[in-house]
Amino acid sequence: MEAGTVEVREFIRKEVEDWEDEEVGRARFKAFSGQKSDWEPTYRFWNHLLLSIARHFHLLIISPSQVKNSWFNRNGLTPLCLDQLEMYNEGEIVRCNDLMDPRSGRMSLLLRKFSNLMLRPTPSLQTLLQDRLILSPLLKDKAVEVVKLLSESHWTSSCIVTMKKFNDICGGPEEASAVLSHLSETGKAQYLSIHKKDFVEGVKVSLSSAPVSNISSLDCDVLHLVWTTERLQQQLDVIDRRCEMSRKTALGFLHSGNKKVALRHARELKLANDSREKCASFLNRVEEVLSVIANAESTKKVSEAIQIGAKAMKENKISVEEVEFCLQELEESIESQKQVDKALESTPSYTDVEDEDIEEEFKKLELEVGSGNLQVPISQTGVDGTLEEVEALESPESLSDALSNLKLSDNSTRESASKSPMLAMRHNKLKNLVLEAT
């Protein structure tokens, strides 16, 4: 039994709690029969389990015989429902032979895509079990991941990488072929090759939402330069290892007292360092050329954008002064927004205040109130006047007059309250008595 199979079975036991249940397992291992609504939950179970295993172990391509006879084998029983090609019919799996070959050209890709849509033959079970199958959902996720990785190392709208680099990013030649086929089918990548002293293969990938542009002679030159940088980098790595080995050997013979052999290895170290300097110089020159090409591409896009803007201004009869005025307003708006953000950042935050601190401060206030420190001085005249007013409100006529003049007295009292806190207290007390009497 393979180690991978043991790990997969252990993952299945953790993923499916009732995997060892004989009764439940017997129902799941039966073939699909009856209406689709009857067996669809079982199909969804196997579909979800298979995709979960593939995602956990980073598997893009699976072997049907291994899945059926090793992963899902329970005491000699295998799921009969997996033999009914339902996942293939639903488009969840694709045969490797059904993928389009990007090396055959765009026209061939279009013809192959049309034939697959119109005349897609269903393979036999024997053919499907012998083939290698690609999980379509994982293929789409892998393609998105590859484009994201390339975007992190390139700042242009598209990039060109060698096939070796593309294979390393995808995880192998088989996975790279599947990802390239999917990207080519969706218009996000194109295969290109050059025949000079060496046969060099590469991929042009669009890193934006726009489809990838057609292959040009400049793209072929860029591919050759990228391939050259990889070769020079490999040569640098070999020289570095040689330098390290010569240095250690020279030091070893020097410590043992054999100066003659140590001197010979020191001479080899000097020659290796000279070779490294030349190789590094070549590598820097090639990288500078690639940087100039990338900058020229960006400058070209900026120039095209300026031309489009000038054409739009001419068609809409917009003057340069109006454009400058709009840009000035935009700058002022941005500056105002920055000032607002700065003011919000400088606003003190009360989220750091603890509940215990608030309770402690509240207890202090309660003690001050209980000790009479916060008593408001009230004159005897104010108290007598308030009692007289309360007694005057006991008659119905007084209540009626008070209600009719409530609004006026309210407004006048607000003005007087701003001048005298005592009047404000008297007004609030009268107002509460009137409301209670009503």
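Small disclaimer: the values here were computed from a predicted structure and weren't measured.

(A) Inspection of the sheet that holds strand 4 (residues 158-162) at higher detail. Spatial ordering of the open sheet is given by 4-6-5, a layout of three strands whose pairing is antiparallel. The open sheet has two edge strands, strand 4 and strand 5 (189-195), and neither has a second partner. Strand after strand, the sheet turns through a mean of 25 degrees between neighbouring axes, direction not considered. When strand 4 meets strand 6 (residues 199-206), the two strands line up antiparallel, connected through five bridges. Bridge assignment links serine 158 to a residue of strand 6, and that residue is serine 206. Contacts from helix 9 (residues 163-170) reach strand 4, strand 5 and strand 6, with the element oriented near 95 degrees to strand 4.

(B) Seen up close, helix 9. The set of residues buried in helix 9 consists of Met163, Phe166, Asn167, Ile169 and Cys170. The buried residues of helix 9 occupy one face: seen down the axis, they fall within an arc of 165 degrees. Where the residues of helix 9 are buried, they touch helix 8 (136-153), strand 4, helix 10 (173-185), strand 5 and strand 6. Taken from the residues just after helix 9, glycine 171 is the one with a positive phi, measuring 105 degrees.

(C) Up close: the packing of aromatic side chains. According to the stated counting rule, one finds five aromatic pairs in the structure shown. Between tryptophan 19 and tryptophan 46, the ring centres sit 6.1 Å apart and the planes meet at 80 degrees, which makes this aromatic pair edge-to-face. Linking tryptophan 19 in the loop between helix 1 (3-15) and helix 2 (22-28) with tryptophan 46 in helix 3 (residues 36-56), this pair joins segments that are 27 residues apart in sequence. For tryptophan 19, a relative accessible area of 7% gives the class buried.

(D) Spatial organisation of unusual backbone geometry. In the Ramachandran plot, histidine 58 falls in the positive-phi region, its phi being about 55 degrees despite a non-glycine side chain. Within the element layout of this structure, histidine 58 appears in the loop between helix 3 and strand 1 (61-62). We classify histidine 58 as exposed; its relative accessible area is 72%.

Conventions and cut-offs
- Residues numbered from 1 in each chain as written.
- Predicted model: local features only at pLDDT ≥ 70, side-chain atom pairs only at ≥ 80, totals over all residues.
- Heavy atoms only, no water.
- Pairing = 2+ DSSP bridges.
- Helix = DSSP H or I, 4+ residues; strand = E, 2+ residues; numbered from the N terminus.
- Axes fitted to C-alpha atoms, helices over the stretch in contact; angles between N-to-C directions.
- Contact = heavy atoms within 4.5 Å.
- Buried < 20%, exposed > 50% of the residue type's maximum accessible area, 1.4 Å probe, protein only.
- Arc of directions from axis to C-beta.
- Phe/Tyr/Trp six-rings, centres within 6.5 Å; stacked < 30°, edge-to-face > 60°.

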